[in-house]
Amino acid sequence: MLFTKNEITISTFTAILSNPIEYLKGVGPQKGELLRKEIKVYTFGDLLQYFPFRYVDRTRIDKIASLSGYEDFVQIRGKIINMVVMGRKQVEKTGGYF
């Protein structure tokens, strides 16, 4: 069986999946090291088979009135009317008023 130039053979696909993770666009050596260390992702194939244990839906916008205070993560939308810097130099935090 002959393959055209645009078809990928199984061996080519396997070779791509065995590439080190730092060769993926946007990863680089530092992020590659972090991925290997933290979540044990070494190759492109490892990344395809990695499923995080937690997922946060960042598309949902909550209304402040509907919050109970027990949520792990919330996302609200508003207009900041004032910014305040609190704390000392080494532990400064920026806060805002809606």
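Remember, predicted model here, so these are calculated numbers, not experimental data.

## Describing the pattern of salt bridges
Per the stated rule, a full pass over the model turns up three salt bridges. Measuring nitrogen to oxygen at the nearest pair gives 3.0 Å for the salt bridge that ties glutamate 33 to arginine 36. Residue glutamate 33 and its partner arginine 36 are both found in helix H2 (residues 28-39); the two are separated by three residues, about one turn of the helix. Owing to a relative accessible area of 43%, glutamate 33 belongs among the partly exposed residues under this scheme. Among the ionic pairs, arginine 60 bridges to aspartate 62, the shortest N-O distance being 2.7 Å. When its relative accessible area of 11% is taken as the criterion, aspartate 62 is described as buried. Taken together, the shared-partner salt bridges connect Glu22, Glu33 and Arg36 into one network.

## Section: the pairing of strand S2 (residues 93-97)
The pairing of strand S1 (residues 82-86) with S2 spans five bridges and is antiparallel. Among the inter-strand pairings, valine 84 is bridged to a residue of S2, identified as glycine 95. The loop that links S1 with its antiparallel partner S2 comprises six residues; one of these, glycine 87, has a positive phi angle of about 95°.

## Remarks on the environment of phenylalanine 44
Of note, phenylalanine 44 is situated in helix H3 (residues 44-48). Residues phenylalanine 44 and threonine 9 lie 35 residues apart in sequence; the distance between their C-alpha atoms is 17 Å. For phenylalanine 44, the contacting residues outside a window of four places in its chain are Ile16, Leu17, Asn19, Pro20, Ile21, Tyr23 and Leu24.

## Focus on the environment of isoleucine 21
Here isoleucine 21 lies in the loop between helix H1 (10-17) and H2. C-alpha separation for the pair isoleucine 21 and serine 11, spaced 10 residues apart in sequence, amounts to 19 Å. In this view, isoleucine 21 contacts Val27, Gly32, Leu35, Arg36, Val41, Tyr42, Thr43, Phe44 and Leu47; residues no more than four positions away in its chain are not counted.

## Points about the side chain of threonine 43
When you line up the elements, threonine 43 lands in the loop between H2 and H3. A distance of 3.4 Å separates a polar atom in the side chain of threonine 43 from the backbone oxygen of leucine 17. Not counting residues within four places of it along the chain, the set of residues in contact with threonine 43 comprises Leu17, Ser18, Asn19, Pro20 and Ile21.

## Re the environment of arginine 60
By the element assignment, arginine 60 lies in the loop between H3 and S1. With 12 residues separating them along the chain, arginine 60 and leucine 48 place their C-alpha atoms 26 Å apart.

Thresholds applied
- The numbers attached to residues start from 1 for each chain and follow its sequence in the written order.
- Confidence filtering applies because this is a predicted model: local features only for residues at pLDDT of at least 70, side-chain atom pairs given and counted only at 80 or more, and all residues used for totals across whole chains, interfaces and linings.
- Only hydrogens and water are set aside when side-chain values are computed; all heavy atoms of the structure are taken into account.
- One speaks of a salt bridge when a side-chain nitrogen belonging to Lys or Arg is within 4 Å of a carboxyl oxygen belonging to Asp or Glu.
- Numbering of helices and strands starts at the N terminus; helices are DSSP runs of H or I of at least 4 residues and strands are runs of E of at least 2.
- Throughout this description, buried means an accessible area under 20% of the type-specific maximum (1.4 Å probe, protein chains only), exposed means over 50%, and partly exposed covers the range between.
- Any two strands with at least two DSSP bridges between them are considered paired.
- When checking whether two residues touch, look at their non-hydrogen atoms; a contact exists if any pair is within 4.5 Å.
- Any pair of nitrogen or oxygen atoms within 3.5 Å is treated as a polar contact; in protein, a donor-acceptor pairing is required on top of that, and neighbouring residues in sequence qualify only through side-chain atoms on both sides.

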